[in-house]
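Given next are the chains, with one letter for each unit.
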Amino acid sequence: MHPQTINFAYLCVPVVHGHDDEIIDMRIVMIGAGRLASHLTRALYQAGHEILQVYSRTGKSAIPLARMVNAVPVTDVSELAAGADLYIMSVKDDALATLIPQVSEIVKDKVVVHTAGSVPMSVFEGHAGHYGVFYPMQTFSKEREVDFAEIPCFLEAGDAPTFELLGQVAASVSRKVYSLSSEQRRYLHLAAVFACNFVNHCYAMASDLLQKNGIPFEVMYPLIDETAAKVHAMSPAQAQTGPAVRYDTSVITRQSEMLKDNPVVREVYDKMSLSIHQKEKQNHD
């Protein structure tokens, strides 16, 4: 499989792949064994790639994941194999600055990438010769399986051959592969925080309100599902409903008062209501 030749550094565009009888399997070392790393490692293994090693600071994380993919667990960076085609660093953002120089010293001229949404590709400059970013945008939990083929993967590379290699690997696990610059990816990650993390926290606040009043959270499932389904067919602005859209001050004031015992949640409610109203006005100006 060969990715289309595109301007790999700047545009957010789909990477279109052709298909042929020859599938190029890679020898991969996974550096990290957290939630994203676990899902990606299994997806790569199921796609036919050889996972040589799984590195984690503790054997508690490295050993079970390595066992799943017939790899060798490693807990010391100095033990990383030097003969892999691709080294994928899927660790906490603040660990990259420490690990990149150590890993680059071992991998030499091989390709090394990170999977972080908010860390620029330039973190590799001065260390690795061939480097890039392989960012699967999804929320991952170890307890839930995901269909990796439906997860959009965003790629960036320091040179064209590296981008082609990443395109081959990404196409083997996902049907949705895009080229994206570091600057664009920062905003993509920020948008994901709003669309996922903040929304889920709103679920948590709703759950607390319901629990305190003897109402099961499951009554929210149809509402949550329909709200998510609507933005597949219309824009979020078109899908917005509720008292804040028309800024019904009587309802908003009454509901805000109900939250007086929790000033932080009350402030979220007030500011979110104002933001919704301002967005509505902006859409109609």
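Residues numbered from 1 in each chain as written. Predicted model: local features only at pLDDT ≥ 70, side-chain atom pairs only at ≥ 80, totals over all residues. Heavy atoms only, no water.

1. Things to note about the nonpolar core
- Counting residues in hydrophobic clusters, the biggest one holds 33 residues, and the most contacted among them are Met30, Leu44, Val54, Leu86 and Phe134.
- Contributions of two or more residues to this core are made by strand S2 (27–31), helix H1 (35–46), strand S3 (50–55), helix H2 (59–68), strand S5 (86–89), strand S6 (111–114), strand S8 (153–157) and helix H4 (160–173).
- Not counting the four nearest positions on each side in its chain, leucine 44 is found in contact with Ile28, Met30, His49, Ile51, Ile88, Val169 and Val173.
- In this structure, Leu80, Ala84, Tyr135 and Leu180 belong to the second largest nonpolar core, which totals 27 residues. (Core = buried A, V, L, I, M, F, W, Y, C linked by side-chain atoms within 4.5 Å. Buried < 20%, exposed > 50% of the residue type's maximum accessible area, 1.4 Å probe, protein only. Helix = DSSP H or I, 4+ residues; strand = E, 2+ residues; numbered from the N terminus. Contact = heavy atoms within 4.5 Å.)

2. Observations regarding the environment of isoleucine 51
- With respect to the secondary-structure elements, isoleucine 51 resides in strand S3.
- Put simply, isoleucine 51 and glycine 242 are 191 residues apart on the chain and 50 Å apart in space, counted from C-alpha to C-alpha.
- When sequence neighbours within four positions are dropped, the list of residues in contact with isoleucine 51 reads Ile28, Met30, Thr41, Leu44, Tyr45, Val69, Asn70 and Ala71.

3. Let's talk about the confidence of the model for the protein chain
- Of the residues in the protein chain, 92% reach a pLDDT of 70 or more, and the chain-wide mean stands at 90.
- Of all the helices and strands in the protein chain, strand S1 (residues 13–14) carries the lowest mean pLDDT, 60, while S5 carries the highest, 98.
- Low pLDDT (under 50) marks residues 1–11, which in the prediction has 41 contacts with non-local residues, meaning those over four places away or in another chain.
- Here residues 16–21 is a poorly scored stretch, pLDDT under 50, and it has twelve contacts once near neighbours within four places are set aside; other chains count. (pLDDT = per-residue confidence, 0-100.)

4. As for a nonpolar patch on the surface
- A contiguous nonpolar patch, built from Tyr187, Leu190, Phe194 and Phe198 and spanning about 450 Å² of accessible area, is present on the exposed surface.
- By secondary structure assignment, the location of phenylalanine 194 is in helix H5 (residues 182–212). (Patch = residues over 30% accessible without salt bridge, like charges linked within 9 Å, V, L, I, M, F, W, Y side chains within 5 Å. Areas by Shrake-Rupley, 256 points an atom, 1.4 Å probe, with all protein chains shown as cover. Salt bridge = Lys/Arg side-chain N within 4 Å of Asp/Glu carboxyl O.)

5. Focus: H4
- A rise of 1.5 Å per residue sets the reference length of H4, with its 14 residues, at 20 Å; its end C-alpha atoms lie 20 Å apart and thus fit the reference within 8%.
- Among the 14 residues of H4, ten are classified as buried, and the element is accordingly described as predominantly covered.
- Among all positions of H4, only Thr162, Phe163, Leu165, Leu166, Gly167, Gln168, Val169, Ala170, Ala171 and Val173 are buried.
- Of the surrounding elements, those touching the buried residues of H4 are H1, S5, S6, strand S7 (130–136), S8 and strand S9 (177–179). (Expected span 1.5 Å × (residues − 1).)

6. Section: unusual backbone geometry
- Phi angles above zero are rare outside glycine, and asparagine 70 is one such case at about 55 degrees.
- By the secondary structure assignment, asparagine 70 is in the loop between H2 and strand S4 (72–74).

7. Comments concerning the pairing of S2
- In terms of burial, S2 is largely enclosed, as four of its five residues are buried.
- As paired strands, S2 and S3 are joined by five bridges and run parallel to one another. If you follow isoleucine 31 over to S3, its bridge partner there is tyrosine 55.
- With H1 bridging S2 and its parallel neighbour S3, the resulting β-α-β unit is right-handed.
- In the sheet, S2 pairs with S5 via four bridges, with the strands oriented parallel. The partner of valine 29 across the bridge, within S5, is tyrosine 87. (Pairing = 2+ DSSP bridges. Right-handed = clockwise from strand over helix to strand, strands pointing away.)

8. Things to note about the packing of aromatic side chains
- Applying the stated criterion across every chain, the model contains six aromatic pairs.
- An angle of 25 degrees between the planes, with centres 5.7 Å apart, marks the rings of phenylalanine 124 and tyrosine 131 as stacked.
- Looking at tyrosine 131, the relative accessible area reads 14%, which means it is buried.
- On the basis of an interplanar angle of 80 degrees and a centroid distance of 6.0 Å, the ring pair of phenylalanine 217 and tyrosine 221 is categorised as edge-to-face.
- With a relative accessible area of 23%, phenylalanine 217 lands in the partly exposed category. (Phe/Tyr/Trp six-rings, centres within 6.5 Å; stacked < 30°, edge-to-face > 60°.)

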